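Residue-level listing of the chains:
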Amino acid sequence: GSTIGILGGGQLGKMLATAAAQLGYRVEIYSPEPDSIAADVAAHSTVAAWDDIEALERFARECSVVTYEFENVPVAPLAAIKDMVLRPGLRALEVAQDRLAEKRFAEDHGGRPAPFAPVANAGELETAMKSIGTPGILKTCREGYDGKGQWRTGNGGASDDDLAAIAFPETGCIYEGFVEFESEFSVIACRALDGSIAFYDSAENDHEGGILSRSTVPASMAIVAQVEEARELTRQIADALDYVGVLTIEFFATANGPVFNEMAPRVHNSGHWTIEGAVTSQFENHIRAICGLPLGDTALAGKRVVMDNLIGEAADGWVEILADPQAALHLYGKGQVREGRKMGHVTRVERT
Ligand code: ATP
Ligand code: MG
Ligand code: MG
């Protein structure tokens, strides 16, 4: 068959489905959310809970390969589905959906994360803050994105009262030392079924309030000097997971080299520039990889590429953005504008 199943119905699923359609595949979306935006561009969608085994089984039967656009899909129900070809696999999902597991995994493969400690309650937080020091960041191990589920300590961060009031989730938290980084970048790799791996040029990523605001390629020289080491770690991790598809790792560029921040077992916001700015987009390469096809060229298609996220009300100015002939506009069709919500993005490729 030639149906690709995508677990998750957000903008990444929508962009994956669009790339898959271009290659002639039929796409099915599985999402607990009714009216998911990815379903708008898919042939079929299933609206069911993540732990609905029967629905998952039916979905898997219809798809020759299943992938995910969201790293928080519960692992146990997927593990119960027989005869499902899941790419990337379950282990990648398991490691990347838990900050503690991913940091340990990175360390095991030669990576250097910020100093960290698991914390389950206020007492352990106090101990961790003493041993690791402040400033630092407390993060939930699971479910956090766009800086949600994080509390900063020291230097104008959360007060002692704020920290004492935190309801520690059952699934745990992690306390990590604050990294005095020069800049941030990501490595976006695509590993094919035969184990060959391709890298995109690393983007320099700017964040505002914990949310990615801009990705620029090429990155500064300070970052470019650290990309090789970061790629080597990415390759080690991808090989160890027998990974198939696009894998993203976020790094801090520091005076002491690249510091591992987190990984995403999927296409990534900091790779949206590849739609117009690379010969083959991260979305198409992910589809090629999971379908066992040769990868496309990851080379830059211009001199410089800048991708700006349209967050919250910023998307209201989209008609003005279209007045700029250099601007490639993407609106996700999410409807309700909310503060901090990613509504779209705009990419500008400088050709000469
Ligand atoms: P994403 O949306 O990328 O998944 P997230 O919610 O998982 O984000 P992180 O990537 O851990 O969160 O953190 C968001 C941003 O906060 C980072 O990109 C960085 O700018 C800042 N940050 C996180 N951890 C640290 C740290 N230990 N030291 C300094 N800055 C940090
Ligand atoms: Mg994250
Ligand atoms: Mg991040």
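Not measured: the values here are computed from a predicted model. (Residues numbered from 1 in each chain as written. Chains lettered and ligands numbered in written order. Predicted model: local features only at pLDDT ≥ 70, side-chain atom pairs only at ≥ 80, totals over all residues.)

Visitor: Just checking my understanding: could you explain the overall build of the protein chain for this structure?
Guide: Each helix and strand counted, the protein chain has 11 helices and 17 strands in total. For 352 residues, the compact-globule formula gives about 20 Å, and the C-alpha radius of gyration of the protein chain, at 20 Å, lands near that figure. By principal-axis analysis of the C-alpha atoms, the protein chain measures approximately 55 × 55 × 40 Å. (Helix = DSSP H or I, 4+ residues; strand = E, 2+ residues; numbered from the N terminus. Rg over C-alpha atoms; globule rule 2.2 N^0.38 Å.)

Visitor: It is not clear to me how the environment of Leu193 should be interpreted in this structure. Could you clarify?
Guide: Note that Leu193 resides in the loop between β9 (183–191) and β10 (197–199). Residue classification places Leu193 among the partly exposed residues on the basis of 17 C-beta atoms within 10 Å. Note: C-alpha distance between Leu193 and Phe260 (67 residues apart in sequence) is 25 Å. Once residues within four sequence positions are removed from consideration, Leu193 is found in contact with Val244, Ala289 and Gly292. (Buried ≥ 20, exposed ≤ 12 C-beta atoms within 10 Å, placed from the backbone. Contact = placed C-beta atoms within 7 Å.)

Visitor: Looking at this structure, I do not really get the site of ligand 1. What am I missing?
Guide: Residues in close proximity to ligand 1 total 16 residues, the closest being Tyr145, Asp146, Phe178, Val179 and His207. The class makeup of the residues in the shell around ligand 1 is 5 nonpolar, 5 polar and 6 charged. (Near = placed C-beta within 6 Å. Nonpolar A, V, L, I, M, F, W, Y, C, P; charged D, E, K, R; others polar.)

Visitor: Honestly, the sheet that holds strand β6 (residues 136–140) in this entry has me stumped. Any pointers?
Guide: Strand order in this open sheet of 4 strands is β5-β8-β6-β7, and the pairing throughout is antiparallel. Across the chains shown, the open sheet's two edge strands, defined by having one partner strand only, are β5 (116–119) and β7 (150–153). Within the sheet, the average angular offset between the axes of one strand and its neighbour, ignoring direction, is 20 degrees. Judged from the 4 bridges that link them, β6 and β7 form a sheet pairing that is antiparallel. Bridging across to β7, Gly136 finds its partner in Thr153. In the packing of helix α6 (residues 122–132) onto the sheet, the strands contacted are β5, β6, β7 and β8 (173–177), and the crossing angle to β5 comes to about 170 degrees. (Pairing = 2+ DSSP bridges. Axes fitted to C-alpha atoms, helices over the stretch in contact; angles between N-to-C directions.)

Visitor: Can you walk me through unusual backbone geometry in this structure?
Guide: Residues other than glycine predominantly adopt negative phi, and peptide bonds predominantly adopt the trans conformation. Between Thr134 and Pro135 the backbone carries a cis peptide bond, its omega angle lying at -5 degrees. Structurally, Pro135 can be placed in the loop between α6 and β6. Between Val217 and Pro218 the backbone carries a cis peptide bond, its omega angle lying at 0 degrees. With respect to the helices and strands, Pro218 occurs in the loop between β12 (211–217) and α8 (221–240). Even without being glycine, Asp35 reaches a positive phi, approximately 55 degrees. Residue placement: Asp35 occurs in the loop between β2 (26–31) and β3 (44–47).

Visitor: It is not clear to me how the sheet that holds strand β1 (residues 3–7) should be interpreted in this structure. Could you clarify?
Guide: Hydrogen bonds between backbone groups are what pair the strands of a sheet, and the pairing can be parallel or antiparallel. Judged by pairing direction, the sheet is parallel, and its 4 strands sit side by side in the order β3-β2-β1-β4 without closing on themselves. On the outer flanks of this sheet lie β3 and β4 (65–68), each paired with one strand and no other. The sheet shows a mean angle of 20 degrees between the axes of neighbouring strands, taken without regard to direction. In terms of strand pairing, β2 meets β3 through 4 bridges, oriented parallel. Residue Ile29 lies in a different strand from β3, and its bridge partner there is Ser45.

Visitor: In this structure, what is going on with the domain arrangement of the protein chain? I would like to understand it.
Guide: By a frequent convention, interface size equals the accessible area lost on bringing the separate parts together. Domains assigned within the protein chain are domain 1 (3–86), domain 2 (115–177) and domain 3 (183–350). Between the C-alpha centres of domain 2 and domain 3 there is a distance of 28 Å. (Domains from an automatic or database assignment.)

Visitor: What is the right way to look at the confidence of the model for the protein chain in this model?
Guide: Segments scoring low in pLDDT should not have their predicted coordinates read at a detailed level. Chain-level statistics for the protein chain give a pLDDT mean of 96 and a share of 100% at 70 or above. The element-level mean pLDDT for the protein chain is lowest in helix α7 (residues 160–164), coming to 80, with β9 highest at 99. Both scores are available for the predicted complex, with the pTM at 0.97 and the ipTM at 0.99. (pLDDT = per-residue confidence, 0-100.)

Visitor: Is there a simple way to explain the nonpolar core in this structure?
Guide: Generally speaking, nonpolar side chains in soluble globular proteins are found buried as a group. Core analysis: the largest hydrophobic core is formed by 82 residues, its most contacted members being Ile6, Leu16, Ala17, Ile29, Tyr175 and Phe251. Counting 6 residues, the second largest nonpolar core, distinct from the first, contains Ile311, Tyr332, Met343 and Val346. (Core = buried A, V, L, I, M, F, W, Y, C linked by C-beta atoms within 7 Å.)

Visitor: What am I meant to see in the pairing of β8 here?
Guide: Residues in a regular strand point their side chains to alternate faces of the sheet. The buried fraction of β8 amounts to 5 of the 5 residues, a majority that puts the element mostly inside the structure. With burial as the criterion, each face of β8 is covered, one bearing Cys173, Tyr175 and Gly177 and the other bearing Ile174 and Glu176. Examined bridge by bridge, β5 and β8 share 4 bridges and lie antiparallel to one another. Of the residues in β8, the one forming a bridge with Ala117 is Tyr175.

Visitor: How should the UniProt feature "domain: ATP-grasp" (unreviewed entry) in the protein chain be read in this particular structure?
Guide: In the UniProt entry, the feature "domain: ATP-grasp" (unreviewed entry) is given for residues 103–291. Note that residues 103–291 is 29% helix and 32% strand, and that its end C-alpha atoms are spaced 29 Å apart. (UniProt positions renumbered as here; feature names shortened; annotations may be inferred.)

Visitor: What is the right way to read the environment of Gln150 from this model?
Guide: In this fold, Gln150 is placed in strand β7. C-alpha separation for the pair Gln150 and Ala55, spaced 95 residues apart in sequence, amounts to 34 Å. Among residues more than four places away in sequence, those in contact with Gln150 are Ile137, Leu138, Lys139, Gly144 and Gly210.

Visitor: What exactly am I supposed to notice about helix α1 (residues 11–22) here?
Guide: Residues separated by three or four positions in an α-helix point in the same direction, a consequence of the helix having 3.6 residues per turn. In a regular helix each residue adds 1.5 Å, so 12 residues correspond to 16 Å; α1 covers 17 Å between its end C-alpha atoms and thus fits that length. Within α1, 9 of the 12 residues are buried, which leaves it mostly tucked inside the rest of the structure. Turning to α1, its buried residues number three or more, namely Gln11, Leu12, Gly13, Lys14, Met15, Leu16, Ala17, Ala19 and Ala20. The elements touched by buried residues of α1 are β1, β2, α10 (282–290) and β17 (342–350). Backbone geometry just downstream of α1 places Gly24 in the positive-phi region, at approximately 90 degrees. (Expected span 1.5 Å × (residues − 1).)

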